Amino acid sequence: MPRWKALPEGLDPEVSEFTNQLRGLVDRSGLSIAAVSDRTGYSKTSWERYLNGRLLAPKGAIVALAEVTGTHQGHLTTMWELAERAWSRSEMRHDMTMEAIRISQARSALGEFSQNPAGGSGKPVRSGGPGGTGGPGGPGGRPAGATTDFGAMRGPGAPSVPQQRGPGGPPRPGGPSLAGPPPAGGRKRGRRKVTIFVASAVGAALVTAGAVLLTGIGGDSGEQTVAESPSPSPSSSAPVLPAGVKCGGDACTGKDPEEMGCGGEFVETVASATVGTALIEVRYSKTCSAAWARITKAVVGDEVRITAGGETSGQTGEVETATNAYTPMVASPDSAGAKACATLASGETGCTPVR
């Protein structure tokens, strides 16, 4: 039975290459995954994920593996940086694909509302023949631009209308000249437009003047009134975390320190104690403002617990299959007050000293 499982389909080639390099280092060292876990301080479950391509190992785990296997740390971290960029690109492509799917669904849904464009009134325009009701000269369908025959419209006793003679043509019944003044209704509409425009301009000037007076002039004491913008609250600006670190403070409580990137170069052991044959440690990350406990040289059934600021804020880890375990994190602004306690399967208990 092969030692390693096949890598996931669709894994980026650079990530696959890096994962195979990690497998080669472990194979050449002759160590089991449990031994790698024990010597690097990262759990067996985490190393199984790293070596099977399901999760990219954090930089701290790579540095620890280089020390354990005697590998050049700079070369290994260089390959890790390439894999980390490829892993980030894959996550970005996944996010963009999901966003494109959401946009396509939104467009399809909104497209149902634009299937019936607005139409016209639907009334046909009549065009009659010669001598008909809508034909030339008829009152119902006079072509655009034709001159109305006012002489034919006069009734008995109506005053005569002077005739006009076109250039070089016979006299025709007179009517209002095409070049004459516009109808009275047009003049009224023009005056209304001018009035509205003037009123709008005056209104805008008054608003501007009022704004200047309100902002530039204070009360009787001559003090200028200035609107103060609210100062941002301390919680509104989250601290900028280093690359690979995924939480800080309260957001880390209950989270796996390795998966959140709080281990490796960002953690130190601030307290330790021996309970029976087991070693317990308080691990603290100033970058993540969080603490957790680790137990090594333990046996199945041993437990370790971390507290910071009170027993109610603790997290517990249990040794299940290997010889070590660690707890989830608890938020802690500093390492003072963080305490690790062990309860061994033999019944023996003990804690680290509180700083």
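Residue indices follow the written sequence of each chain, beginning from 1 at its first position. At least 70 in pLDDT is required for a residue's local features to be given in this predicted model, at least 80 for side-chain atom pairs to be given and counted, and no such filter applies to totals for whole chains, interfaces and linings, which use all residues. To get the side-chain values, all heavy atoms of the structure are used, and hydrogens and water are removed first.

1. A look at the overall build of the protein
And step 1. Scanning the protein from terminus to terminus reveals 7 helices and 11 strands.
And step 2. Per-residue burial over the protein gives 28% buried out of 355 residues.
And step 3. For this analysis, residues touch if any pair of their heavy atoms sits within 4.5 Å. In the protein, once contacts between residues fewer than 6 apart in sequence are set aside, the share between residues at least 24 apart is 50%.
And step 4. When the accessible surface of the protein is totalled, it reaches about 23000 Å², and 57% of it is carbon and sulfur. The way it works is that DSSP assigns letters per residue, a run of H or I at least four long becomes a helix, a run of E at least two long becomes a strand, and they are numbered from the N terminus. For each residue, the accessible area found with a 1.4 Å probe, counting protein chains only, is set against the maximum for its type, and the residue is called buried under 20%, exposed over 50%, and partly exposed in between. A 1.4 Å probe and the Shrake-Rupley method give the accessible areas. Residues count as covered only by the protein chains that appear here.

2. Describing the nonpolar core
And step 1. Among buried residues, the Ala, Val, Leu, Ile, Met, Phe, Trp, Tyr and Cys ones that are joined through side-chain atoms within 4.5 Å form a nonpolar core. Among the nonpolar cores identified, the biggest contains 22 residues, and Ile280, Val282, Ile295, Ala342 and Leu344 are the most heavily contacted of them.
And step 2. Discounting residues that sit within four places of it in the chain, valine 282 has contacts with Glu268, Thr269, Val270, Ala271, Trp292, Ile306, Ala338, Lys339, Ala340 and Thr352.
And step 3. Counting residues in each nonpolar core, the second largest holds 21 residues, with Tyr42, Leu51, Ile62 and Leu65 among its members.

3. Remarks on unusual backbone geometry
And step 1. Positive phi outside glycine occurs at serine 289, with the angle close to 50 degrees.
And step 2. Here the phi dihedral of lysine 297 falls at roughly 55 degrees; this positive angle occurs in a residue that is not glycine.
And step 3. Counting through the fold element by element, lysine 297 comes out in the loop between β5 (290-296) and β6 (303-308).

4. A look at empty space enclosed by the protein
And step 1. Cavity: a set of points on a 1 Å grid over the protein atoms alone where a 1.4 Å probe fits but cannot get out. Pocket: an open set with protein on both sides within 12 Å along at least five of seven lines, its lining residues, like those of a cavity, having an atom within 4 Å of a point. Grid points are joined across faces, edges and corners, and a volume is the space filled by probe spheres set on the points. Taken as a whole and judged by the stated rule, the model has 2 cavities of 30 Å³ or more.
And step 2. Quantified by volume, the largest cavity comes out at close to 40 Å³.
And step 3. Looking at the lining of the largest cavity, the elements that each hand over two or more residues are β5 and β8 (325-326).
And step 4. Residue classes follow a fixed rule: Ala, Val, Leu, Ile, Met, Phe, Trp, Tyr, Cys and Pro count as nonpolar, while Asp, Glu, Lys and Arg count as charged, and any other residue, Gly among them, counts as polar. Partitioning the lining of the largest cavity into residue classes produces 3 nonpolar, 5 polar and 1 charged.
And step 5. All domain edges in this entry derive from an automatic or database-based domain assignment. When residues of the lining of the largest cavity are assigned to domains, at least three fall in each of domain 1 (13-88) and domain 2 (249-351).
And step 6. Looking at the second largest cavity, its volume works out to about 30 Å³.

5. Quick look at the side chain of arginine 23
And step 1. Checked against the element boundaries, arginine 23 lands in helix α1 (residues 13-29).
And step 2. His is not counted here, nor are the chain ends, while Lys and Arg score as positive and Asp and Glu score as negative. What makes a salt bridge here is a side-chain nitrogen of Lys or Arg within 4 Å of a carboxyl oxygen of Asp or Glu, nothing more. Buried arginine 23, no salt bridge; nearest opposite-charge side chain is aspartate 27, N-O distance 7.4 Å.
And step 3. Of the polar contacts made by the side chain of arginine 23, one reaches the backbone oxygen of lysine 5; its length is 2.8 Å.
And step 4. Leave out the neighbours within four places in its chain, and arginine 23 touches Trp4, Lys5, Leu7, Leu51 and Asn52. For this analysis, a polar contact is any N or O atom pair within 3.5 Å, provided that within protein one partner can donate a hydrogen and the other can accept it, and provided that sequence-adjacent residues contribute only side-chain to side-chain pairs.

6. Considerations on the pairing of strand β10 (residues 338-343)
Looking along a regular strand, one sees side chains alternate from face to face of the sheet.
And step 1. Strand pairing is assigned whenever DSSP detects at least two bridges linking the two strands. As paired strands, β6 and β10 are joined by 6 bridges and run antiparallel to one another. Counted as the bridge partner of arginine 305 is cysteine 341 from β10.
And step 2. Where β10 lies against strand β11 (residues 349-351), 3 bridges are found, and the strand directions are antiparallel. Looking across to β11, one finds that threonine 343 is bridged to threonine 349.
And step 3. The hairpin formed by β10 and β11 contains 5 residues between the paired strands, and glycine 347 there has a positive phi angle of roughly 100 degrees.

7. Some remarks on the confidence of the model for the protein
And step 1. A score from 0 to 100, pLDDT tells how confident the predictor is in each residue. For the protein, mean pLDDT is 73; residues scoring 70 or higher make up 60% of the total.
And step 2. Taken together, the stretch residues 119-181 has pLDDT below 50 and engages in 45 contacts with residues farther than four places along the chain or on a different chain.
And step 3. Within the model, the stretch residues 232-236 combines pLDDT values under 50 with 0 contacts to residues more than four positions away or in other chains.

8. Some points on the state of the cysteines
And step 1. Here, a disulfide means two cysteine sulfur atoms that sit within 2.5 Å of each other. One pass over the full model with this rule turns up 3 disulfides.
And step 2. Through a disulfide, cysteine 262 is tied to cysteine 288; the S-S separation comes to 2.1 Å. Here the disulfide of cysteine 262 and cysteine 288 is left-handed, its torsion about the S-S bond being about -100 degrees. Taken together, the positions of cysteine 262 in the loop between α7 (184-216) and β3 (268-275) and cysteine 288 in the loop between β4 (278-285) and β5 put the pair 26 residues apart, joining distant regions of the chain.
And step 3. According to the relative accessible area criterion, cysteine 288 is buried, its value standing at 0%.
And step 4. Disulfide partner of cysteine 341: cysteine 351, at an S-S distance of 2.0 Å. Residues cysteine 341 and cysteine 351 share a disulfide whose torsion about the S-S bond is about 110 degrees; that sign makes it right-handed. Linking cysteine 341 in strand β10 with cysteine 351 in strand β11, this pair joins segments that are 10 residues apart in sequence.
And step 5. Along the protein, the cysteines engaged in disulfide bonds are linked according to the scheme 1-2, 3-4, 5-6 when indexed in sequence order.

9. Some details on the environment of arginine 28
And step 1. Along the chain, arginine 28 falls in helix α1.
And step 2. Assessed through its relative accessible area of 65%, arginine 28 is described here as exposed.
And step 3. With 41 residues separating them along the chain, arginine 28 and threonine 69 place their C-alpha atoms 8.3 Å apart.

10. Considering α1
And step 1. Take the number of residues in a helix, subtract one, and multiply by 1.5 Å to get its expected span. Under the 1.5 Å per step criterion, the end-to-end length of α1 is 24 Å for 17 residues, consistent within 8% with the ideal 24 Å.
And step 2. Every buried residue belonging to α1 is among Val15, Ser16, Phe18, Thr19, Leu22, Arg23, Gly24, Leu25 and Val26, and all of these are buried.
And step 3. By the N-cap criterion, in which a side-chain oxygen at the helix start approaches the backbone nitrogen of a residue two or three places on, α1 is capped by aspartate 12, the distance to glutamate 14 being 2.9 Å.
And step 4. In the segment just after α1, glycine 30 is the residue with positive phi, at about 75 degrees.

11. Section: helix α4 (residues 59-69)
And step 1. Among the residues of α4, those classed as buried are Gly60, Ala61, Ile62, Ala64, Leu65 and Ala66.
And step 2. Following α4 by one or two positions, glycine 70 adopts a phi angle in the positive range, close to 70 degrees.

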